[in-house]
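One letter stands for each residue in the lines below.
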Amino acid sequence: MSAAPPFFQADDIAINFGGIRAVDGVSFEVEPGQVFTIIGPNGAGKTTVFNLVSRIYDTTQGRLVFRGEDITRVPPHEIARRGIARTFQNIELFEHASVLQNLLLGRHAHRRSRLLEELFFLPRVRAMELAHREAAEKVIEFLDLQAYRDSLIVNLPYGVRKVVEVARALCTEPALLLLDEPSSGLSVEETEDMAFWIKDIRDLLGITVLMVEHDMSLVSAVSDRVLALNYGRPIATGTAREVQEHPEVVKAYLGG
Amino acid sequence: MRFVFKTSYDQDLGLFRDAVSRNWYVVLLAGLLVLPWLAPNYLGDISLVFIYGLCGVSLMVLAGYTGLVSLGHAAFLGIGAYAHVYFAQTLGLPWVVAIVLAALITAASGVLVGLPALRMTGVYLTIATLAFALIIQEVFTHWEAVTGGLKGRPVDKAVIFGVSFGDSRAFYFLCLAVLIIGLWLTANLLRAPTGRAWVAIRDSEIAAQSMGVHLAVYKTIAFAYSAALMGVAGALFAHKVGFLAPDIFTVLLSIQFLLMVVVGGLGSLHGALFGAVFVALLPVAISEARDSLPAALGQLASIFGRGAGDAVAGTVDRFVKQPGLEPGIFGLILVLFILFEPLGLYGRWMKLKVYFSMFPLYKRATFRRQKSYMRSERLR
């Protein structure tokens, strides 16, 4: 290992579900300020890798290192506090709450108030709530969500929900943002917008992005590095172009 | 139609939407303060509405906000009631100390139920709370040193700092004050990070966890807080009924509490109170109807002749004296609500408000439910 520890490193991680080895010895390193994309056909284990990184599943083997700290056994609710936020493939927003409330929940990792203070809503709690609100408003402005601030999630179209989920993740002020298929279910225009936002998140906010994606136009547009998986195993890494032209990747997608 | 113009983030942190809505609550409070002189015969019933309101708020926190449905809340009510009476009468502690201790003990028992609940979800959790309620009822029956067993336990009138609240008007104000305090504390929690964490757990546990919500901690807090409110309600309830026996705190009472939050409208404090009014006053309305309806309808029918009047009065009389009429009407109303108004009385109230505020432009389709096959609609 080099002198400077990598920003994020997955070292030979694997997980078994019963007899099935869903992820089998995957290693990769993400450099700070990159957009790192994981691609692969259906069932390749991309989302499972995500769930391992966000600690929803326990790894059967291997290590996860983030900013020099071993996070392999950190409990899942601790991950946000360490600076990793994620979105979900099938949108896991709080549906019967407003956009603003969803974003404020994204601030939960920064909660400093104690239960008894909240019970009486002391001035300190109010001050902290206002600070959370300011932070949430910055994200609202960044992602152009002003029009939806007070709408309930159930009343929003799918494309907007996708953006709200990214916004909620940004509210945790992450250093590493995990995006699980940010373009799934989006129209062509919405996917293009998403590409701009991902670039902005990397370039303007300086947040490193780890992404799982199917849409090759989005992958090529934003990715700095790409890792291709098939049957839980890595088959190629490199730039988007290199990986797309890799014979193993072509074979995995087209068969043969 | 009124539009709230917001100029500061502070406005979104207030307890009320704006000054106008706050003034309406002030009017409501003024009405409740003079009510004892307007309806002196119904003070007992209205005090029960306040106590049930507290129970409704308690179950609303758990079922409506955190998404943990409990069928054991009557047990918490009982624990609060017995504990309060034990501390105040057997040990002779001051009333305020006794009620606080009762709340703490009920909260502790809530944590005890909550711990296994961390591993269970949905209907399994509900069954576990039901089992808890049955066990606690047995405890009430057999722990005679504290509860008096099946013989029951008489409850003295409340005396706080030397002031007696035995008089029904004084007790009315006591219940109102406790309810308002309970509502205020609950509203505070709901607008703070804790309340948001509860809602997050209800809507998506996995996302809540990824955003840094410690599921076990917040579920336990929800159970403890809900149980503590129930304990306070139990202490008041003890004074209200004046006599504690194990067969008061049955599963049927738990079901009534659940009915309260469902009919009121899950996920709103208003709903808890509407539900309390409904559940506490429906029996009163039914018994009133039982006494006056046959004669009134007979009178009405007698314009067709004396015979018709007597026949109608007799038939109606036989109908309203049927045993089981009350649970039947309760059940019927619950079914109708679930079919036609899943948002409960509060949902109906909101629609009424929108109707009047948009008056000539109101469209029926505003609230028509869309067919949609996204995650939320499939589950709820």
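From a predicted model like this one, the values you see are computed outputs, not experimental measurements.

(A) Quick peek at the overall build of chain B. In terms of regular secondary structure, chain B is built from 16 helices and four strands. Counting only C-alpha atoms, chain B reaches 75 × 60 × 40 Å along its principal axes. Residues classed as buried in chain B amount to 39% of the 380 residues present. Sequence separation of at least 24 residues holds for 73% of the intrachain contacts in chain B that already meet a minimum separation of 6.

(B) Fine view of the overall build of chain A. A count of helical and extended segments in chain A gives ten helices and ten strands. Relative to the compact-globule value of 18 Å for 256 residues, chain A shows a C-alpha radius of gyration of 19 Å, a close match. Looking at chain A as a whole, 43% of its 256 residues are labelled buried. In chain A, of all internal contacts separated by at least 6 residues, the share reaching a separation of at least 24 is 67%.

(C) Fine view of the nonpolar core. Counting 166 residues, the largest nonpolar core has A167 and V209 of chain A together with I51, L54, A200, V232 and A233 of chain B as its most contacted members. Counting residues per element, this core draws most heavily on helix α10 (residues 215–241) of chain B, at 16 residues. For this core, the two domains that each supply at least three residues are domain 1 (1–83 + 174–256) and domain 2 (98–173) of chain A. Ignoring sequence-local partners within four residues, the contact set of A167 of chain A consists of L103, V139, I140, L143 and L145 of chain A.

(D) Quick look at the interface of chain A and chain B. At the junction of the two partners, chain A supplies 36 residues and chain B supplies 26 residues. Within the residue set of the side of chain A that touches chain B, elements represented by two or more residues are α2 (76–82), α3 (99–106), α4 (115–120) and α5 (123–142) of chain A.

(E) Highlighting the pairing of strand β1 (residues 8–17) of chain A. Residues and elements named next belong to chain A. Looking at chain direction, β1 and strand β2 (residues 20–30) are connected through seven bridges and run antiparallel. Residue pairing for β2: A10 is matched across the bridge by F28. Hairpin connection between β1 and β2: a loop of two residues separates the two successive antiparallel strands, and G18 in this loop has a positive phi of roughly 60 degrees. Pairing between β1 and strand β4 (residues 61–66): five bridges, direction antiparallel.

(F) Highlighting the sheet that holds strand β5 (residues 69–70) of chain A. Residue and element names in this part refer to chain A. The antiparallel open sheet is built from four strands, whose spatial order is β2-β1-β4-β5. Looking at the sheet topology across the chains shown, the edges are occupied by β2 and β5. The pairing of β4 with β5 spans two bridges and is antiparallel. By the bridge assignment for β5, V65 is matched with D70. Of the strands in this sheet, β1, β2 and β4 are in contact with helix α1 (residues 46–53), which crosses β2 at around 65 degrees.

(G) Structural detail: helix α1 (residues 19–38) of chain B. Taking 1.5 Å per residue as the helical rise, α1 of chain B with its 20 residues ought to reach 28 Å, and the 28 Å between its terminal C-alpha atoms agrees with that figure. Maximal helix bending in α1 of chain B amounts to about 25 degrees, located at L32 of chain B; proline P36 of chain B follows within four positions.

(H) Here's a closer look at the packing of helix α2 (residues 43–65) of chain B against helix α7 (residues 168–190) of chain B. All names here are of chain B. For the pair α2 and α7, the least separation of the axes is 8 Å and the interaxial angle reads 15 degrees. As far as their axial angle goes, α7 and α2 are roughly parallel. Both α2 and α7 take part in a crossing whose hand is left-handed. Note on element contacts: α7 touches α2 through S168, R169, F171, Y172, C175, L176, V178, L179, G182, L183, T186 and L190, opposite L43, G44, I46, S47, F50, I51, G53, L54, V57, V61 and Y65. When the residues that make up the contact of α2 with α7 are grouped by side-chain class, the tally is 16 nonpolar, six polar and one charged.

(I) Representation of the environment of L130 of chain B in the model. Residues and elements named next belong to chain B. The topology assignment puts L130 in helix α5 (residues 122–142). Taking the C-alpha atoms as reference points, L130 and S70, separated by 60 residues in sequence, lie 7.3 Å from one another. Those residues in contact with L130 that sit more than four places away from it in its chain are L71, G72 and V251.

(J) Highlighting the sheet that holds strand β6 (residues 84–86) of chain A. Residue and element names in this part refer to chain A. In space, the six strands of this open sheet follow the order β6-β7-β8-β3-β9-β10, with mixed pairing throughout. In this open sheet, the two strands that pair with only one neighbour each are β6 and β10 (233–238). Each strand axis lies, on average, 20 degrees off the axis of its neighbour in the sheet, ignoring direction. In this structure, strand β9 (residues 225–230) lies alongside β10, joined through five bridges in antiparallel fashion. Each bridged residue has a counterpart across the sheet, and for L227 the counterpart in β10 is T237. Of the strands in this sheet, β3 (35–39), β7 (176–180) and β8 (208–212) touch helix α7 (residues 188–203), which is tilted by about 150 degrees from β8. Helix α10 (residues 247–254) contacts β9 and β10 of the sheet and is inclined by roughly 130 degrees relative to β10.

(K) Local environment of helix α3 (residues 73–90) of chain B. Residue and element names in this part refer to chain B. Relative to the 26 Å expected for 18 residues at 1.5 Å per residue, α3 spans 25 Å between its end C-alpha atoms, a close match to the ideal helical length. Of all 18 residues making up α3, 16 are buried, and the element is well covered by its neighbours. One or two positions beyond α3, positive phi appears at G92, with a value near 70 degrees.

(L) Up close: the domain arrangement of chain A. All names here are of chain A. The domains assigned to chain A are domain 1 (1–83 + 174–256) and domain 2 (98–173). On a C-alpha basis, the centroid separation for the pair domain 1 and domain 2 is 26 Å. On the domain 2 side, the residues contacting the eleven residues of domain 1 number nine residues. Counting residues per element, the ones that place at least two in the side of domain 1 that touches domain 2 are α2, β7 and α7. Residues belonging to the side of domain 1 that touches domain 2 are distributed by class as follows: seven nonpolar, two polar and two charged.

(M) Here's a closer look at the confidence of the model for chain B. All names here are of chain B. With 96% of its residues at a pLDDT of at least 70, chain B reaches an overall mean of 87. Contacts of residues 373–380 to residues separated by more than four positions or lying in other chains number five contacts, the stretch itself having pLDDT below 50. Our summary of model confidence lists the complex with pTM equal to 0.89 and ipTM equal to 0.91.

(N) Inspection of the packing of α3 of chain B against α5 of chain B at higher detail. Residue and element names in this part refer to chain B. Their axes nearest at 8 Å, the elements α3 and α5 cross at an angle of 30 degrees. By the angle between their directions, the pair α3 and α5 is classed as roughly parallel. Crossing of α3 over α5 shows left-handed handedness. Listed contacts from α5 to A74, A75, G78, I79 and Y82 of α3 are F132, A133, I136, Q137 and F140.

(O) Region of the structure containing unusual backbone geometry. All names here are of chain A. The residue F121 is not glycine, and still its phi comes out positive at about 45 degrees. By secondary structure assignment, the location of F121 is in the loop between α4 and α5. Its 20 C-beta neighbours within 10 Å are what place F121 among the buried residues. Despite not being glycine, E173 has its phi angle at roughly 55 degrees, a positive value.

Cut-off values and rules
Residues numbered from 1 in each chain as written. Chains lettered and ligands numbered in written order. Predicted model: local features only at pLDDT ≥ 70, side-chain atom pairs only at ≥ 80, totals over all residues. Helix = DSSP H or I, 4+ residues; strand = E, 2+ residues; numbered from the N terminus. Buried ≥ 20, exposed ≤ 12 C-beta atoms within 10 Å, placed from the backbone. Contact = placed C-beta atoms within 7 Å. Rg over C-alpha atoms; globule rule 2.2 N^0.38 Å. Core = buried A, V, L, I, M, F, W, Y, C linked by C-beta atoms within 7 Å. Domains from an automatic or database assignment. Pairing = 2+ DSSP bridges. Axes fitted to C-alpha atoms, helices over the stretch in contact; angles between N-to-C directions. Expected span 1.5 Å × (residues − 1). Bend = angle between axes of the 7 residues up to and from the residue. Parallel < 35°, antiparallel > 145°, perpendicular 65-115°, else oblique. Left-handed = near helix turned anticlockwise from the far one by under 90°. Nonpolar A, V, L, I, M, F, W, Y, C, P; charged D, E, K, R; others polar. pLDDT = per-residue confidence, 0-100.

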